[in-house]
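What follows is the residue order along each chain.
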Amino acid sequence: MNTSQAPRGRFITFEGTEGTGKTTQAGLLRDYLHSRDLDVRLTREPGGTRVGEQVRAALLEPTDAPLDARAELLLMFSARAQHLAEVVYPALQEGAWVLCDRFTDASYAYQGGGRGIPDSDIKKIESVVHPGFQPDLTFVLTCALETAMQRVNRRGEKDRFESESQDFFERVQAAYLKRAEREPDRFAVVDTEPEIGRVASRIRQTVDSRFSL
């Protein structure tokens, strides 16, 4: 994408560990923005395209064979490059609001905080895949890890990431909060322990305030 041509739409991402309610809250925000007569596209990472969904399946499938952390990171960014080219950039240029369940902040949190890959290495790949392009607003959804794991357990069989240890998710959550602290103008941290409707109201209020809806 030529970053000199600013997209006309808005790009909002939802981040957080498993079980924090990202998918639910992204869907509720989509419904709210639809009620304001806005064109809204809801998507996810990894995924959102045929190639991306194939990569997603490979990344999430439980397996006894360990996946190298850098291979995991590169797979995430390969799916992201296709997602941006095929879905995100075209939608923004059409004036749509794109709501995405995870984006590059997840790579810093999971492959960085969780797996231990240096931020500087992730930044190099980011600069190739989407130089100068960032979300207009990123929600980091948080809750007690015990609450998050209870929610995950209720879903049934766990995928490869959901099966990680509590220590792993503590590192992931810490990485998210560190990024949010560094960029308060882009991030909004939202506690999802309260009832779903109250959380959705907080998110709507933030969007209304940030974008003068």
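Let me sum up the structure you'll find in this document. As the structure is a computational prediction, the values presented were derived from the model and not from experiment. (Residues numbered from 1 in each chain as written. Predicted model: local features only at pLDDT ≥ 70, side-chain atom pairs only at ≥ 80, totals over all residues. Heavy atoms only, no water.)

### Some words on the layout of surface pockets
Within this model, the largest pocket holds a volume of roughly 750 Å³. Among the elements of the structure, helix 1 (22-35), strand 2 (40-44), helix 2 (50-60), helix 3 (69-93), helix 4 (104-114), helix 6 (145-155) and helix 8 (196-211) are those that each provide at least two residues to the lining of the largest pocket. The leading source of residues in the lining of the largest pocket is helix 1, at five residues. Looking at the lining of the largest pocket residue by residue, the class counts come to 11 nonpolar, 10 polar and 13 charged. (1 Å grid on protein atoms, 1.4 Å probe; cavity = no way out; pocket = protein on both sides within 12 Å on 5 of 7 lines; lining within 4 Å. Points joined across faces, edges and corners; volume = space filled by probe spheres on them. Helix = DSSP H or I, 4+ residues; strand = E, 2+ residues; numbered from the N terminus. Nonpolar A, V, L, I, M, F, W, Y, C, P; charged D, E, K, R; others polar.)

### Quick look at the pattern of salt bridges
What the rule picks out here adds up to 17 salt bridges. Between Asp121 and Arg70 there is a salt bridge whose closest N-O contact spans 3.3 Å. Of this pair, Asp121 sits in helix 5 (residues 119-129) while Arg70 is found in helix 3, placing the two residues 51 residues apart along the sequence. Residue Asp121 is classed as partly exposed on the basis of its relative accessible area, which comes to 25%. A salt bridge links Glu72 to Arg115; its shortest N-O distance comes to 3.0 Å. Placement of Glu72 in helix 3 and of Arg115 in the loop between helix 4 and helix 5 is noted, with a sequence separation of 43 residues between them. In this structure Glu72 comes out as buried when scored by relative accessible area, which is 0%. (Salt bridge = Lys/Arg side-chain N within 4 Å of Asp/Glu carboxyl O. Buried < 20%, exposed > 50% of the residue type's maximum accessible area, 1.4 Å probe, protein only.)

### Describing the packing of helix 3 against helix 4
Across the interface, helix 3 lies against helix 4 with an axial gap of 11 Å and an inter-helix angle of 175 degrees. With respect to helix 4, the element helix 3 is oriented roughly antiparallel. Of helix 4, the residues touching helix 3 (which contributes Ala69, Glu72, Leu73, Met76, Phe77 and Arg80) are Thr104, Ser107 and Gln111. Of the residues that constitute the contact of helix 3 with helix 4, the class distribution is four nonpolar, three polar and two charged. (Axes fitted to C-alpha atoms, helices over the stretch in contact; angles between N-to-C directions. Parallel < 35°, antiparallel > 145°, perpendicular 65-115°, else oblique. Contact = heavy atoms within 4.5 Å.)

### Some remarks on a negative patch on the surface
Among the surface-exposed residues, Glu146, Asp167, Glu170, Asp191 and Glu193 lie close enough to one another that they form a single negatively charged patch. Mapped onto the elements of the fold, Glu170 is located in helix 7 (residues 166-182). A relative accessible area of 36% places Glu170 in the partly exposed class. (Patch = residues over 30% accessible without salt bridge, like charges linked within 9 Å, V, L, I, M, F, W, Y side chains within 5 Å. Areas by Shrake-Rupley, 256 points an atom, 1.4 Å probe, with all protein chains shown as cover. Lys, Arg positive; Asp, Glu negative; His and termini not counted. Charge placed at Lys NZ, Arg CZ, Asp CG, Glu CD.)

### Structural notes on the nonpolar core
Of all hydrophobic cores here, the largest spans 22 residues; its most connected members are Ala109, Tyr110, Phe169, Val172 and Tyr176. Looking at this core, the elements with two or more residues in it are helix 2, helix 3, helix 4, helix 6 and helix 7. With six residues, the single largest contributor to this core is helix 7. One finds Phe14, Leu29, Leu141 and Val190 within the second-largest nonpolar core, a separate group that totals 18 residues. (Core = buried A, V, L, I, M, F, W, Y, C linked by side-chain atoms within 4.5 Å.)

### Things to note about the sheet that holds strand 4 (residues 137-142)
A sheet is described by the order of its strands in space; here five strands give the open sequence 2-3-1-4-5, paired in parallel fashion. The strands lining the two open edges of the sheet, one partner per strand, are strand 2 and strand 5 (187-191). Across this sheet, the average inter-strand angle for adjacent strands is 20 degrees, counted without regard to direction. Examined bridge by bridge, strand 4 and strand 5 share five bridges and lie parallel to one another. The residue of strand 5 that forms the bridge with Thr138 is Phe187. On top of the sheet, helix 7 reaches strand 1 (10-15), strand 4 and strand 5; it is set at about 135 degrees to strand 5, its chief contact. (Pairing = 2+ DSSP bridges.)

### Here we look at unusual backbone geometry
Here Glu45 and Pro46 are connected by a cis peptide whose omega angle stands at -10 degrees. Tracing the chain through its elements places Pro46 in the loop between strand 2 and helix 2. Even without a glycine there, the phi angle at Asp37 is positive, about 65 degrees. Mapped onto the secondary structure, Asp37 falls in the loop between helix 1 and strand 2.

No statement about biological role is implied by the geometric values presented.
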